[in-house]
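# An overview of the molecular structure
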Amino acid sequence: MVQKIENQYKEILNQYMQRQSEQNLYVGQNFSRQLISENISPEEVISVHKAAMQEIYGELPEFVWHSFDFLIEMMINYGLALQERQSLLQRQEELRVEMDLAANVQETLLKTPMPALAGLDIGLLSIPARKMNGDYIYFISDSEGHAGIAVADVIGKGLPAALCMSMVKFGMDSLNNSPADPKEVLGVINRVVEKSIDDSMFVSMFYGKYDSNDSTLTYGSAGHEPAILYRAKSNSFEELYAKGLLLGVSPAASYEQHTVQLEKDDLVIMMTDGVTEGRTDEGFIEREVIFELIDQKKDEPAQRIVQFVYDELERMQNAELRDDFTLVIYKKV
Amino acid sequence: MSNQSSVEILTEWDIVAARQLGRNVAKELGFGTVDQARITTAISELARNIYLYAGQGRIEIQQLTENGLKGILIIAADQGPGIPDIRKVMEDGFSTSGGLGAGLPGVKRLMDEFRIETIPGEGTDIRATKWLR
Ligand SMILES: Nc1ncnc2c1ncn2[C@@H]1O[C@H](COP(=O)(O)OP(=O)(O)OP(=O)(O)O)[C@@H](O)[C@H]1O
Ligand SMILES: [Mg+2]
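To start, this report covers the structure provided alongside it. This one's a predicted model, so the numbers in the text were calculated from it and none came from an experiment.

## Examining unusual backbone geometry
Of note, Asp 265 of chain A is a non-glycine position whose phi angle comes to about 70°, a positive value. With respect to the secondary-structure elements, Asp 265 of chain A resides in the loop between β8 (258-261) and β9 (267-271). With phi around 45°, Asn 67 of chain B is a residue other than glycine that occupies positive phi space. For Asn 67 of chain B, the location among the structural elements is in the loop between β2 (57-66) and β3 (69-78).

The structure is reproduced here in structure tokens:
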């Protein structure tokens, strides 16, 4: 193989020595790609060059040969840099595969069954900015028509956020599928997060408990983006605000809760800040923009509204998702 | 069968002497210019590590003949502080010069065989071989 390369190189070099045309240089450059793909190092190329010169010209002044030997010495570290690059590329590929696997594991781990409740149509979408999702939705429901939803967001993205999220899941699992009051749920998860998660990690969470017997939603928030309530009767939007510290800040934190009565065609819109903090060329996306989008589709099923809002926001941001995006809509039917 | 000679590494100039010894032996064995340059680069890196991190030590060059194959063996030995985290050191991109020098991973690439024994507090013994093809 080396012999073949030497012959080809000599041939191409010889052409060029006879006529210094662009055409011959082009042929030479194409050949160099082949050399790289066959892992021929720069020092070897110079050695091949030297051998070709010897064959073409025979006698040349000594200093010419010395200069090639010097050049070979100069190229050794370039050759090593090239090999290092190859091994780093391979390592990067391994990491990519590992991340894909981890993302699959996360998906399975964080799967949550959507409850079927009389009088409630639910739409949801959760899309990670990178491979791993730092947003999380968890449903709890019992047989008496109660269903709880937690919408959580780890401050941060990627792998650390995803690992952190599994703690929130275990905390929610410990509630044993009883959709308790928001104050209580947020208090429990706050203690789990405070105990088991790194001091620099914080989680915000909205928790809403829906009672299908009287169509009420009781909600609380741990420093989370306020949910939005759309009132069909008055065609107006209001924020569902509740006071409470981020999870993991203080074990003694306590949480407020409030209750609202839902009427037919009302919407409850729960989200993470990836929805509102998207940026367009003109700056942050205002909440009014989201109100407007929802207003356009409010008569459609919840899932269609969610998808529409996502598609439109993605379009406004030139398909660049900077943060994990999670949107859930409850529609009272 | 082996033929040996060595250079004590005490000052930066001894690095040059070790290179020279390695090049002479490599040339004598019949290694081509490219392999000579690789072998001396490996010696350079090992000698420089001794000079920088152990203060003093020794580079030994041996000629090898095994099953009709000829080769060169570099031994770099010192009684310096040793290398505590050898796995990290062998990772690409770890060396303090940030990939500018060959470092120990580079020595491994330049040679055919590479073995390192190091005990924290006692010293380091590195052996690297290249076979003539
Ligand atoms: N003989 C030695 N004794 C003690 N420590 C050593 C020795 N050789 C190497 N080390 C340690 O291993 C590390 C890695 O060495 P390596 O030669 O790979 O890279 P470097 O010397 O840091 O940078 P360069 O790329 O310039 O060689 C050194 O920073 C040093 O801490
Ligand atoms: Mg070094």
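Picking up after the structure, the text goes on.
## Digging into the side chain of Arg 287 of chain A
Residues and elements named next belong to chain A. By the secondary structure assignment, Arg 287 is in helix α8 (residues 287-297). Using a relative accessible area of 16% as the deciding quantity, one classes Arg 287 as buried. What Arg 287 contacts, discounting residues up to four positions off in sequence, is Glu 225, Pro 226, Ile 228, Glu 239, Met 271 and Thr 276.

## Observations concerning helix α4 (residues 62-109) of chain A
For α4 of chain A, spanning 48 residues, the distance from its first C-alpha to its last is 71 Å, which sits close to the expected 70 Å at 1.5 Å a residue. If you look at α4 of chain A, its biggest bend is around 35°, right at Met 75 of chain A.

## Section: the sheet that holds strand β4 (residues 203-211) of chain A
Residues and elements named next belong to chain A. Overall, antiparallel pairing links the five strands, which are arranged β2-β3-β4-β5-β8 in an open sheet. Two strands lie at the open edges of the sheet, namely β2 (135-141) and β8, each paired on one side alone. Averaged over all adjacent pairs, the angle separating strand axes in this sheet is 20°, with direction ignored. Pairing geometry for strand β5 (residues 216-222) and β8, over four bridges, is antiparallel. Across the sheet, the residue bridging to Leu 217 is Val 260, located in β8.

## A few points about the interface of chain A and chain B
The interface is formed by 15 residues belonging to chain A together with 17 residues belonging to chain B. When the two sides are added together, the surface that chain A and chain B hide from each other amounts to roughly 1,200 Å², 54% of it contributed by carbon and sulfur. When the area that chain A buries against chain B is broken down by residue, the three leading residues are Glu 73, Leu 80 and Glu 84 of chain A, summing to 39%. In this assembly, chain A and chain B are joined by four salt bridges. A salt bridge links Arg 38 of chain B to Glu 43 of chain A; its shortest N-O distance comes to 2.9 Å. Where chain A touches chain B, the interface holds seven residue pairs in polar contact (both at pLDDT 80 or more). In terms of residues, the side of chain A that touches chain B owes the most to one element, α4 of chain A, which gives 10 residues. Here the residues of the side of chain A that touches chain B sort into four nonpolar, five polar and six charged.

Each value, and the rule that gives it
- Residues numbered from 1 in each chain as written.
- Chains lettered and ligands numbered in written order.
- Predicted model: local features only at pLDDT ≥ 70, side-chain atom pairs only at ≥ 80, totals over all residues.
- Heavy atoms only, no water.
- Helix = DSSP H or I, 4+ residues; strand = E, 2+ residues; numbered from the N terminus.
- Buried < 20%, exposed > 50% of the residue type's maximum accessible area, 1.4 Å probe, protein only.
- Contact = heavy atoms within 4.5 Å.
- Expected span 1.5 Å × (residues − 1).
- Bend = angle between axes of the 7 residues up to and from the residue.
- Pairing = 2+ DSSP bridges.
- Axes fitted to C-alpha atoms, helices over the stretch in contact; angles between N-to-C directions.
- Buried area = accessible area lost by both parts, 1.4 Å probe.
- Salt bridge = Lys/Arg side-chain N within 4 Å of Asp/Glu carboxyl O.
- Polar contact = N/O pair within 3.5 Å; in protein donor to acceptor, adjacent residues only side chain to side chain.
- Nonpolar A, V, L, I, M, F, W, Y, C, P; charged D, E, K, R; others polar.

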